[in-house]
Amino acid sequence: MCGDLMVYFKFLGTGGGRYVLISQVRATGGAYLESGKLRLYIDPGPGALIHSIRENVKLSKLNALFVSHNHADHRTDTEVIIEAATNGCTRKKDFFLIGSKNVINSVDDYHKRACSGVFALSPEESVKIAGCKLTATKAIHTEKTCIGFVLEGKEKIGYTADTLYFSKLTEIFRNCDVLIVNCTVPRNPYKHKEIEYARHMDAFDVAKFLHEAKPNLAILWHYGISLLRADPEKIAKGIEKKSGVKTLAVKDFQEISTN
Ligand SMILES: [Zn+2]
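The structure contained in this document is the topic of the report that follows. Just so we're clear, the structure is a prediction, and the values are computed from it rather than from any experiment.

Enumeration over the complete set of coordinates arrives at one cavity of 30 Å³ or more. Taken as a whole, the largest cavity encloses approximately 60 Å³ of empty space. In this structure, the largest cavity is lined by Gly13, Gly15, Thr28, Gly30, Asp43, Asp73, His74, Tyr159, Asn182, Trp221 and His222. Of all the elements in the fold, those that place two or more residues in the lining of the largest cavity are β2 (28-35) and α3 (72-75). The residue makeup of the lining of the largest cavity, split by class, is two nonpolar, seven polar and two charged.

Below, the structure written as structure tokens:
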């Protein structure tokens, strides 16, 4: 972690995928992360702004916004979060926009100009924010420029973003203190096929990945409709048993602190 003795997360949504997005049976507002001096917003899907206001997340204090890829359940509220962080684009302070190439290309110049730095990162490229180093990580997803991150300060925090399992994933995220994993489906029979919704890890992939990567704590989110029907808590228990890694199925608006 970066400066203090605690990492704090607030989840403004835990849903993902097309049916959860359009039904909002789980919110899709992404997550807020605080660590030392860093205030980072992650993947502002639809509802990010409204849920943040309702849950009293201080968006005006953000140092950075990270948007993993240009799919609606991850990026819809990007511009309004930029506005909230910059007093309606009137205050250019230390506020970075970091995202996949396709996300950065999709944001208009007016909102880019409101940020003090705009970074379209490729895997393994890094940026320093508020005393932490954020390094983009590779993802294999239908949005080809999709990235996750590893955030390093006193603690190491990983975010896989939407991706298939691939062997290098373990190496990239090895020994994180906290690892946020997008676990969208309980079982994915289509993962080797070139179809739109197939590029996600299922519960079997996540168990294998966590067993190898060995974080202190894994947090599951980005539940698709089939995973919700299968019960995220039950899925998390199964993954914990198989992987030997403490695994939480986070709920909408839940807060998590590392100590
Ligand atoms: Zn996606």
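What follows covers helix α10 (residues 232-243). Its 12 residues place the ends of α10 16 Å apart at the C-alpha level, agreeing with the 16 Å of an ideal helix rising 1.5 Å per residue. When α10 is considered as a whole, its buried residues turn out to be Pro232, Ile235, Ala236, Ile239 and Ser243. Looking down the long axis of α10, one finds its buried residues gathered within 100° of arc, a one-sided arrangement. Facing away from the buried side of α10 by more than 90 degrees, the exposed set consists of Lys234, Lys237 and Lys241. Buried residues in α10 make contact with α8 (203-213), β12 (217-221), α9 (225-230) and β13 (247-249). Following α10 by one or two positions, glycine 244 has its phi on the positive side, about 75°.

Parameters and conventions
Residues numbered from 1 in each chain as written. Predicted model: local features only at pLDDT ≥ 70, side-chain atom pairs only at ≥ 80, totals over all residues. Heavy atoms only, no water. 1 Å grid on protein atoms, 1.4 Å probe; cavity = no way out; pocket = protein on both sides within 12 Å on 5 of 7 lines; lining within 4 Å. Points joined across faces, edges and corners; volume = space filled by probe spheres on them. Helix = DSSP H or I, 4+ residues; strand = E, 2+ residues; numbered from the N terminus. Nonpolar A, V, L, I, M, F, W, Y, C, P; charged D, E, K, R; others polar. Expected span 1.5 Å × (residues − 1). Buried < 20%, exposed > 50% of the residue type's maximum accessible area, 1.4 Å probe, protein only. Arc of directions from axis to C-beta. Contact = heavy atoms within 4.5 Å.

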